[in-house]
Amino acid sequence: MMEMDPVIFEKVKAILMEALGADDDEVTQEATLVGDLGAESIDFLDIVFQLEKAFDIKVERGELFPEDILSNNSPYVENSRVNAEGLALLKERLPFIDLTEFEKNPVVQEYASRITVADMCRFVQTKLNK
């Protein structure tokens, strides 16, 4: 995993604090957006919009939540779990997300709850480096 840029972290942290009403001490690199900070699906739209604005980037649909892999009618999902081929594809397409915990129990509905603040920072860094 790439090193985290502290400037990017501070900007992402400010966006998450505003979007989720989180306190400064809650928004750590390890904090999960859903579990620790209480993000819901509607919040992700606002967060992505704020990231685009703050960093002058464009986030394409499916870049953070690849529906073609994570939908129940996908060839990569069996019994609501992402199969080995799907996990390999996620790692390839989302190198900025640490999928270690998700791999242990790859239930599709759990994917979003595994995304951390650090993952979001690495995502932004990846977009800026293109």
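This text gives an overview of the structure that appears in the document. (Residues numbered from 1 in each chain as written. Predicted model: local features only at pLDDT ≥ 70, side-chain atom pairs only at ≥ 80, totals over all residues. Heavy atoms only, no water.)

### Notes on the overall build of the protein
Scanning the protein from N- to C-terminus turns up six helices and two strands. When the helices and strands of the protein are listed from N to C terminus, the series reads α-α-α-β-β-α-α-α. What you see for the protein is a C-alpha radius of gyration of 14 Å, in line with the 14 Å of a compact globule of 130 residues. Long-range contacts, defined here as pairs at least 24 residues apart, represent 61% of the contacts in the protein between residues at least 6 apart. Accessible surface, the protein as shown: approximately 7,200 Å² in total, 49% of it carbon and sulfur. Charged side chains of the protein number 13 positive and 27 negative; the gap between the two group centres comes to 4 Å. (Helix = DSSP H or I, 4+ residues; strand = E, 2+ residues; numbered from the N terminus. Rg over C-alpha atoms; globule rule 2.2 N^0.38 Å. Contact = heavy atoms within 4.5 Å. Areas by Shrake-Rupley, 256 points an atom, 1.4 Å probe, with all protein chains shown as cover. Lys, Arg positive; Asp, Glu negative; His and termini not counted. Charge placed at Lys NZ, Arg CZ, Asp CG, Glu CD.)

### A short note on the layout of surface pockets
Counted as a void, the largest pocket has a volume near 400 Å³. Lining the largest pocket we find 14 residues, and of these Phe-44, Leu-45, Val-48, Phe-65 and Glu-67 sit closest to its centre. Among the elements that take part in the lining of the largest pocket, helix α2 (residues 41-55) stands out by supplying five residues, more than any other. (1 Å grid on protein atoms, 1.4 Å probe; cavity = no way out; pocket = protein on both sides within 12 Å on 5 of 7 lines; lining within 4 Å. Points joined across faces, edges and corners; volume = space filled by probe spheres on them.)

### A word on the nonpolar core
The biggest cluster of nonpolar side chains holds 43 residues, and the ones touching the most others in it are Val-12, Leu-16, Leu-33, Leu-37, Leu-90 and Val-117. Secondary structure elements with two or more residues in this core: α1 (6-20), α2, α3 (67-70), α4 (84-93) and α6 (117-128). With residues up to four places along the chain from it excluded, the contact list for Val-12 reads Leu-51, Phe-55, Val-117, Met-120, Cys-121 and Val-124. (Core = buried A, V, L, I, M, F, W, Y, C linked by side-chain atoms within 4.5 Å. Buried < 20%, exposed > 50% of the residue type's maximum accessible area, 1.4 Å probe, protein only.)

### Observations regarding the packing of α2 against α6
Interhelical geometry of α2 versus α6 gives an angle of 45 degrees and a closest axis separation of 12 Å. For the element pair α2 / α6, the angle class is oblique. In the packing of α2 onto α6, the handedness of the crossing is right-handed. On α6, the residues touching Ile-47, Leu-51 and Phe-55 of α2 are Met-120, Val-124 and Leu-128. For the contact of α2 with α6, the residue count by class is six nonpolar, no polar and no charged. (Axes fitted to C-alpha atoms, helices over the stretch in contact; angles between N-to-C directions. Parallel < 35°, antiparallel > 145°, perpendicular 65-115°, else oblique. Left-handed = near helix turned anticlockwise from the far one by under 90°. Nonpolar A, V, L, I, M, F, W, Y, C, P; charged D, E, K, R; others polar.)

### Describing the pattern of salt bridges
For the coordinates displayed, the defined rule picks out eight salt bridges. Among the ionic pairs, Glu-67 bridges to Arg-61, the shortest N-O distance being 4.0 Å. Two residues, Glu-101 and Lys-104, come together in a salt bridge whose shortest N-O distance is 2.8 Å. In this pair, Glu-101 and Lys-104 both sit in helix α5 (residues 100-104), three residues apart, roughly one turn of the helix. Relative accessible area serves as the criterion here: at 40%, Glu-101 is assigned to the partly exposed category. Exposure remark for Lys-104: the relative accessible area of 60% places this residue in the exposed category. (Salt bridge = Lys/Arg side-chain N within 4 Å of Asp/Glu carboxyl O.)

### A closer look at the packing of aromatic side chains
For the structure on display, the rule yields four aromatic pairs. Relative to Phe-65, the ring of Phe-44 has its centre 5.0 Å away and its plane inclined at 80 degrees; by these criteria the two rings are edge-to-face. One end of the pair, Phe-44, is in helix α2; the other, Phe-65, is in the loop between α2 and α3, with 21 residues separating them in the sequence. A relative accessible area of 24% means that Phe-65 is categorised as partly exposed. Ring plane angle 85 degrees and centroid distance 5.9 Å describe the contact between Phe-65 and Tyr-111, whose orientation is recorded as edge-to-face. With Phe-65 in the loop between α2 and α3 and Tyr-111 in the loop between α5 and α6, this residue pair connects regions lying 46 residues apart in the sequence. (Phe/Tyr/Trp six-rings, centres within 6.5 Å; stacked < 30°, edge-to-face > 60°.)

Purely geometric stuff here, so don't read any function into it on its own.
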